Amino acid sequence: MVASPPRTRIAYAAMSTVRASVIPAPGAAAEIREYDEPELERDSALLDVSLSEVCGTDVHLRAGRLAGVPYPLIPGHVSIGTLSKVRGDVHDVEGRPLREGDRVTFLDVHRTCNACWYCLVAKATTRCPSRRVYGITYGADDVLAGGWAEKVYLKPGTRILPADGVDDDAFMAGGCSLPTALHALERAAVRIGDAVLVLGSGPVGLSCIILARMAGALDVYCIGGPANRLEAARAVGATDVLDFESALPEARAAWVRERTGGRGADVTIEATGSPRAVVDALRATRDAGRVVVVGQYTDHGEVPFNPHHDLNRKQLDVLGCWGSDFSHFHRAVRIAADSQRSAPWRKLQLRRYSLADANSAIDDVAAGRVVKALIDPHLA
Ligand SMILES: [Zn+2]
Ligand SMILES: [Zn+2]
């Protein structure tokens, strides 16, 4: 670790070193380290990071709660910035060459193989065993592979998306939650006029509320907390909200039934991280409705439920939803580039942190004190 005073970007460029915030080991606090700027191999690029995000996954990463993470780690899986170097053939999904100076983002998932059983037979690329994720399963030893750094090395084969016309704040207010929520809404198959219940008011829950409205839901209810996040839920289009700590589980289900003709929600999306919420989702959904589980990104243990009452007799469709693929990312960028469609995300309160403040950012996300925390590597 090398302590260094804040520098201007011009001075930094001349020094060819890159500052990054690094989690050295499971359970250890993030610290500043400096790396040499890497030599670019053929068909790769270097991204000058404008903003990267802090999400629930980063809380789990510092706590050491995710398996298969190669520490030391530079977190930050969704980022936006400017290509500062490009070598060889680097192009977007429509074959257009990407050049130095282009504003871009990139799919954090790399090396999806398009050759394995999951990719080719199940058509579920999010379960491809070859996939690696920037800022999560690529460690710091994999060369600047996380967004909590002044630069990210975009390896050959990284899916880079031009961010022309994209509002950085709107895109990053969604962050990884936006493509994840797009995937969840795809699974949810909301119909025009549906009553949708979203459990959780973190970034994924908030993006689900916005997208459920966009998908045609007439009413969107949210049970979550704390108060600042419920305010955000209302601001982005929730019909009504309930603080989950203010009512016991049966009262929460009754609150939903009161608003849905006594039946329950047509579709419920669970985005909380608490196993208990999955049971709440089953019980708050109407018979023959649909439940999408997208909040269980780490193992918080088991939970009992009654298969007869909660599932079989209710004739529920229950779907899991893991991560996102290129199509979700592509649509996320398109939404962020549309000033009208991206407006709800611009209502979300952002808080920017410097690389040196990464631990405060993780603490604030863990406590729900911020709606969306972002890392600005150029903030002194
Ligand atoms: Zn595969
Ligand atoms: Zn994330």
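What you are looking at is a predicted structure, and each value in this text was computed from that prediction instead of being measured.

Colleague: So what exactly am I meant to see when it comes to the nonpolar core here?
Modeller: Side chains of a nonpolar character, in soluble globular proteins, are inclined to be buried together. With 86 residues, the main nonpolar core has Ile74, Phe171, Ile209, Ile269 and Trp345 as its most contacted residues. The contacts of Ile74, once residues within four sequence positions are left out, are Ala20, Ser21, Val22, Tyr35, Gly135, Ala140, Leu144, Ala145, Gly146, Trp148 and Ala149. Of all hydrophobic cores here, the second largest spans 17 residues; its members include Leu197, Tyr221, Ile223 and Trp255.

Colleague: I tried to follow the coordination of the zinc ion (ligand 2) on my own but got confused; where do I start?
Modeller: Ideal donor angles around a metal are set by the shape: a four-donor tetrahedron calls for 109.5 degrees, a six-donor octahedron for 90 or 180 degrees. At this site the zinc ion (ligand 2) is bound by Cys55 (SG), His77 (NE2) and Cys176 (SG), with donor distances of 2.1 Å. The class for His77 is buried, based on a relative accessible area of 5%. On the basis of relative accessible area, Cys176 is assigned to the buried category, the value being 12%.

Colleague: For this particular structure, what's the right way to read the packing of aromatic side chains?
Modeller: Between two aromatic rings, the relevant description is the distance of the centres plus the angle of the planes. Scanning all chains against the criterion turns up 5 aromatic pairs. On the basis of an interplanar angle of 65 degrees and a centroid distance of 5.6 Å, the ring pair of Tyr134 and Tyr138 is categorised as edge-to-face. We note that Tyr134, like Tyr138, is buried. Counting every residue linked through ring pairs, the aromatic cluster contains Phe106, Tyr134 and Tyr138. Positioned over the ring face of Tyr138 is Lys155, at 4.5 Å from the centre of the ring.

Colleague: How should the sheet that holds strand E14 (residues 285-293) be read in this particular structure?
Modeller: The strands making up a sheet associate through hydrogen bonds between their backbones, and the pairing can be parallel or antiparallel. The parallel open sheet is built from 6 strands, whose spatial order is E12-E11-E10-E13-E14-E15. Each having just a single partner strand, strand E12 (240-243) and strand E15 (317-320) make up the two edges of the open sheet. Adjacent strand axes in the sheet meet at a mean angle of 15 degrees when their direction is disregarded. Packing against the sheet, helix H6 (residues 203-214) makes contact with strand E10 (195-199), strand E11 (219-224) and strand E13 (265-270), and its axis sits at approximately 170 degrees to E11.

Colleague: Any chance you could explain the confidence of the model for the chain here in plain terms?
Modeller: Any residue range with low pLDDT should be treated as having predicted coordinates unsuitable for detailed reading. Looking at the chain, pLDDT values average 94 and 96% of them are 70 or higher. The low-confidence segment residues 1-14 (pLDDT under 50) makes 21 contacts with residues lying over four places distant or belonging to another chain.

Colleague: I keep staring at helix H7 (residues 227-235) and nothing clicks. Help me out?
Modeller: Residues spaced three or four apart along an α-helix point in a common direction, a consequence of the helix completing one turn every 3.6 residues. Looking only at H7, the buried set comprises Arg229, Leu230, Ala232 and Ala233. Burial along H7 is one-sided: seen end-on, the buried residues are contained in an arc of 155 degrees. Across from the buried face of H7, at angles greater than 90 degrees, the exposed residues are Ala227 and Glu231. On its buried side, H7 packs onto H6, E11, E12 and helix H13 (358-367). Phi turns positive one or two residues past the end of H7, at Gly237, with a value near 125 degrees.

Colleague: Help me out: how do you make sense of helix H5 (residues 177-188) in this one?
Modeller: Counted at 1.5 Å a residue, the expected span for H5 with its 12 residues is 16 Å, and the 16 Å between its end C-alpha atoms agrees. With respect to burial, H5 is a largely interior element, 10 of its 12 residues being buried. For H5, the elements touching its buried residues are helix H4 (168-174), H6, E13, E14, helix H11 (326-336) and helix H12 (343-346). Residue Ala189 follows H5 closely and has a positive phi angle near 45 degrees.

Colleague: I'm lost on the pattern of salt bridges in this one. Help?
Modeller: When their charged atoms lie close together, side chains carrying opposite charge are able to pair. By the definition in use, this model includes 24 salt bridges. Notably, a salt bridge pairs Asp142 with Arg132, separated by 3.5 Å at the nearest N-O pair. Note that Asp142 is positioned in the loop between strand E7 (132-133) and strand E8 (151-154) and Arg132 in strand E7, a separation of 10 residues in sequence. As a salt-bridge pair, Arg346 and Asp167 come within 3.9 Å of each other at their nearest N and O atoms. Highlighted residues: Arg346 in helix H12 and Asp167 in the loop between strand E9 (160-162) and H4, separated in sequence by 179 residues. The class for Arg346 is partly exposed, based on a relative accessible area of 38%. Residues joined by salt bridges that share partners form a network here, namely Arg234, Asp240, Glu258 and Arg259.

Colleague: Please explain the pairing of strand E1 (residues 17-22) as it appears in this structure.
Modeller: In the case of a regular strand, side chains alternate between the two sheet surfaces. The element E1 is extensively covered by neighbouring structure, given that 6 of its 6 residues are classed as buried. With 6 bridges connecting them, E1 and strand E2 (residues 31-36) associate as antiparallel partners. Pairing of Ala20 across the sheet is with Arg33, part of E2.

Colleague: How should I be thinking about the coordination of the zinc ion (ligand 1) in this particular structure?
Modeller: On the protein side, the zinc ion (ligand 1) has Cys113 (SG), Cys116 (SG), Cys119 (SG) and Cys128 (SG) as donor atoms, found 2.3 to 2.4 Å from it. Here the zinc ion (ligand 1) binds 4 donor atoms, and the angle range of 104 to 117 degrees at the metal identifies the geometry as tetrahedral. Mapping the donors of the zinc ion (ligand 1) onto the primary sequence yields the spacing C-x2-C-x2-C-x8-C. Each of the two residues, Cys116 as well as Cys119, counts as buried.

Colleague: Is there a simple way to think about the packing of H5 against H11 in this case?
Modeller: When two helices pack together, their arrangement is given by the angle between their axes and by how far apart the axes lie. Contact pair H5 / H11: the axes reach a minimum separation of 8 Å and the direction vectors enclose 115 degrees. One element, H5, and the other, H11, form an angle in the roughly perpendicular class. Helix-helix and strand crossings are classified by hand; for H5 and H11 the assignment is right-handed. On the side of H5, the interface is formed by Leu178, Pro179, Leu182, His183 and Glu186, while H11 contributes His328, Phe329, Arg331, Ala332 and Ile335.

Colleague: Any chance you could explain the packing of helix H2 (residues 56-63) against H13 here in plain terms?
Modeller: Viewed as axis vectors pointing N to C, H2 and H13 meet at an angle of 115 degrees, and their least axial separation amounts to 9 Å. Considered as vectors, H2 and H13 are oriented roughly perpendicular to each other. As for how H2 packs across H13, the hand of that crossing is left-handed. Of the residues in H13, those in contact with Gly56, Asp58, Val59 and Arg62 of H2 are Asn359, Ile362, Asp363, Val365 and Ala366.

Each value, and the rule that gives it
Residues numbered from 1 in each chain as written. Chains lettered and ligands numbered in written order. Predicted model: local features only at pLDDT ≥ 70, side-chain atom pairs only at ≥ 80, totals over all residues. Heavy atoms only, no water. Core = buried A, V, L, I, M, F, W, Y, C linked by side-chain atoms within 4.5 Å. Buried < 20%, exposed > 50% of the residue type's maximum accessible area, 1.4 Å probe, protein only. Contact = heavy atoms within 4.5 Å. Donors = N, O, S within 2.8 Å, 3.2 Å for Na, K, Ca; no water. Phe/Tyr/Trp six-rings, centres within 6.5 Å; stacked < 30°, edge-to-face > 60°. Lys NZ or Arg CZ within 6 Å of the ring centre and 35° of its normal. Pairing = 2+ DSSP bridges. Helix = DSSP H or I, 4+ residues; strand = E, 2+ residues; numbered from the N terminus. Axes fitted to C-alpha atoms, helices over the stretch in contact; angles between N-to-C directions. pLDDT = per-residue confidence, 0-100. Arc of directions from axis to C-beta. Expected span 1.5 Å × (residues − 1). Salt bridge = Lys/Arg side-chain N within 4 Å of Asp/Glu carboxyl O. Tetrahedral: all angles 85-135°; square planar, octahedral: opposite > 155°, others 65-115°. Parallel < 35°, antiparallel > 145°, perpendicular 65-115°, else oblique. Left-handed = near helix turned anticlockwise from the far one by under 90°.

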